[in-house]
Amino acid sequence: MLSVQDGQNRILTQIDRSTPPEFLPLGRSLGRVVAEDVRAPFDVPPTDNSAVDGYAVTSADIPATGTRDLAVVADLPAGSVFDGALGPGQAVRIMTGAPMPRGADTVYPQEVTTRAGGRVRVGPIAKGANVRMRGEDIHAETIVVERGTVLRPQEIGLLASLGQVQLPIHRRPRVVLLSTGDEVVEPGSARKPGQIYDANRFALSGSIEQCGGEVVDLGIVPDVRDELRARLLDAGAAGDVVVTSGGVSVGAYDLVKDVLDEIGALEFWQVAMQPGRPLAVGRIGSAHFFGLPGNPVASMLAFMLFVRPAIFKLAGRRRLFPEVYAARATEAMRKKKGRREFKRGVLQFSDGCWEVRTTGPQGSGILSSMVAGNCLIVLEEERGDVAAGETVLVEPF
Ligand code: AMP
Ligand code: MG
């Protein structure tokens, strides 16, 4: 049986390129992935400038002890520049961020000075105090945002400060989504005995959007071979990725594998994990295909483990996997060696340490365990039963 990691590697090696870039205005780029390295067009700050409101002076005029009176030769409001050069015995009133006057190298904060008419009284201060140097934040031509970065508010702000107005951004991967199953019906419709409302298409749709994909919703397909074939052919033509749920186990109506074998390329995997063992992976035309299990927890988990990194790679992201953390288990957990198990957990900080417990029953159909939880507890292949107090890995969600 395939390990989770081998499965992930096989999927990622199939994806050899990302979606092409499109130019987007900075204001619409939050959460999107930059397609090229962005370099600073100029030094930041562009000139030496004052770090405080106060008086710019020449260090030769700083008294070693006592005080000295200097002539205030200009009063610069924010945004204006002193054209001349500072001479001996002179000071310029300056605002935070204003360029240093030529000849000045030190700034007195206003509150350590005394102003009297056209003169200002100053005392000892370190040479060069309160001056921000040109380029001390960023040198021109250095890379400020690497390709593959997901833009956060701070990257957007930095790019704006560099005068950028638009950016090359990867197009969102288009992910075609459909549910399979004769028993699955649309929420809002009447539900007959034996039918269930479609949970997976909604949970997966949210998951796709959360990881930066654009959802193409193809609804619910019954377990009818011809209908499934037609819908999957449409799906393959409509997106970069196709995701289905249900119909990949070994029941009489589990048709996804058969149909995919006919119209595309199928690799069927039994992954050594719990929950969510069966997984159909392959291609329909140029689209990457993922047939996820029908049980809601299993399908969400398989999405996180196998589809999300694929979408991230298609989207051009540099980081494909989430951070994992260590926490102290507050309860014992059963664990079978030889497979990776994922339990839904509640992670909390308590008495100076991160603690985790399970959400209770862990059946792969119990979607409320995902609702009660805030993390996956990841128990590696080689691990056996966990005793209370042991350290386990967690992946917040
Ligand atoms: P299957 O793999 O198709 O046999 O489905 C496994 C289990 O998941 C069955 O109990 C299905 O009823 C359930 N299931 C399948 N699709 C969905 C869905 N879209 N929403 C909620 N439950 C589903
Ligand atoms: Mg089914």
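My aim in this report is to walk through the structure given alongside it, one point at a time.

## Things to note about the packing of helix α3 (residues 200-210) against helix α6 (residues 296-314)
Two elements in contact, α3 and α6, have axes separated by 10 Å at closest approach and are oriented at 20°. Between α3 and α6, the angle falls in the class roughly parallel. Remark: the crossing between α3 and α6 carries right-handed chirality. Contacts between α3 and α6 pair Asn200, Ala203, Leu204, Ser207 and Ile208 from the former with Pro296, Ser299, Met300 and Phe303 from the latter. When its residues are assigned to classes, the contact of α3 with α6 shows six nonpolar, three polar and no charged.

## Quick notes on the environment of Leu162
For Leu162, the location among the structural elements is in the loop between α2 (153-161) and β12 (166-170). If we ignore the near neighbours within four places in the chain, the residues touching Leu162 are Ala40, Pro41, Phe42, Val44 and Val144.

## Observations concerning the site of ligand 1
Lining the immediate environment of ligand 1, one finds 17 residues, of which Glu183, Asp198, Ala199, Gly247 and Gly294 sit closest. Taking Gly247, its main chain carries an N or O atom lying 2.8 Å from an oxygen atom of ligand 1. One of the side-chain nitrogen or oxygen atoms of Ser249 is found 3.3 Å away from an oxygen atom of ligand 1. In the complex, the protein chains occlude 76% of the 480 Å² of accessible area that ligand 1 would expose alone. Of all the elements in the fold, those that place two or more residues in the shell around ligand 1 are β13 (174-180) and β15 (196-197). Class assignment of the residues belonging to the shell around ligand 1 gives a composition of five nonpolar, nine polar and three charged.

## Overview of the nonpolar core
Counting residues in hydrophobic clusters, the biggest one holds 37 residues, and the most contacted among them are Val243, Phe290, Leu292 and Phe306. Counting only elements with at least two residues in this core, the list comes to α1 (4-14), β13, α3, β17 (241-245), β20 (278-284), β21 (287-292), α6 and β25 (375-379). A domain split of this core shows at least three residues from each of domain 1 (4-17 + 172-314) and domain 4 (325-396). When neighbours within four sequence positions are excluded, Phe290 is seen to be in contact with Ile11, Val241, Val242, Val243, Thr244, Ala280, Val281, Phe306, Val307 and Ala310. Membership of the second largest hydrophobic core comes to 16 residues, among which are Val176, Ala235, Val248 and Val256.

## Concerning unusual backbone geometry
Between Val44 and the following residue, Pro45, the backbone shows a cis peptide bond with an omega angle of -10°. Backbone torsion omega between Gln274 and Pro275 reads -5°, so that peptide bond is classified as cis. Inspection of the secondary structure puts Pro275 in the loop between β19 (273-274) and β20. With a phi close to 65°, Asn130 is a non-glycine residue in the positive phi region. Following the sequence through the fold, Asn130 ends up in the loop between β9 (119-122) and β10 (131-132). You can call Asn130 partly exposed: its relative accessible area is 25%.

## As for the sheet that holds strand β16 (residues 214-221)
Strand order across the open sheet formed by six strands is β16-β13-β17-β21-β20-β18, with mixed pairing between neighbours. Since the sheet does not close on itself, it has two edges, and those belong to β16 and β18 (265-270), each with one partner. Each adjacent strand pair in this sheet contributes to an overall mean axis angle of 15°, direction not counted. Here six bridges tie β18 to β20, and the two strands are oriented antiparallel to one another. Bridging from a neighbouring strand, Leu266 pairs with Gly282 of β20. α6 contacts β13, β17, β20 and β21 of the sheet and is inclined by roughly 170° relative to β21.

## Focus on the packing of helix α4 (residues 225-238) against helix α5 (residues 256-263)
Packing of α4 against α5 brings their axes to within 10 Å, and their N-to-C directions diverge by 55°. Taken together, the axes of α4 and α5 are oblique relative to one another. Remark: the crossing between α4 and α5 carries right-handed chirality. The residues of α5 that touch α4, namely those facing Arg225, Leu228, Arg229, Leu232 and Leu233, are Val256, Asp258, Val259, Glu262 and Ile263. Its residues placed into classes, the contact of α4 with α5 shows six nonpolar, no polar and four charged.

## So, the environment of Lys257
When you line up the elements, Lys257 lands in helix α5. The exposure class of Lys257 is buried, given its relative accessible area of 16%. In this structure, the C-alpha to C-alpha distance between Lys257 and Gly282, residues 25 residues apart in sequence, is 9.7 Å. Look past the residues within four positions of Lys257 in its chain and what remains in contact with it is Gly247, Val248, Ser249, Val250, Leu266, Phe268 and Ala280.

Here is what the cut-offs are and how they apply
- Residues numbered from 1 in each chain as written.
- Chains lettered and ligands numbered in written order.
- Predicted model: local features only at pLDDT ≥ 70, side-chain atom pairs only at ≥ 80, totals over all residues.
- Heavy atoms only, no water.
- Axes fitted to C-alpha atoms, helices over the stretch in contact; angles between N-to-C directions.
- Helix = DSSP H or I, 4+ residues; strand = E, 2+ residues; numbered from the N terminus.
- Parallel < 35°, antiparallel > 145°, perpendicular 65-115°, else oblique.
- Left-handed = near helix turned anticlockwise from the far one by under 90°.
- Contact = heavy atoms within 4.5 Å.
- Nonpolar A, V, L, I, M, F, W, Y, C, P; charged D, E, K, R; others polar.
- Near = heavy atom within 4 Å.
- Polar contact = N/O pair within 3.5 Å; in protein donor to acceptor, adjacent residues only side chain to side chain.
- Areas by Shrake-Rupley, 256 points an atom, 1.4 Å probe, with all protein chains shown as cover.
- Core = buried A, V, L, I, M, F, W, Y, C linked by side-chain atoms within 4.5 Å.
- Buried < 20%, exposed > 50% of the residue type's maximum accessible area, 1.4 Å probe, protein only.
- Domains from an automatic or database assignment.
- Pairing = 2+ DSSP bridges.

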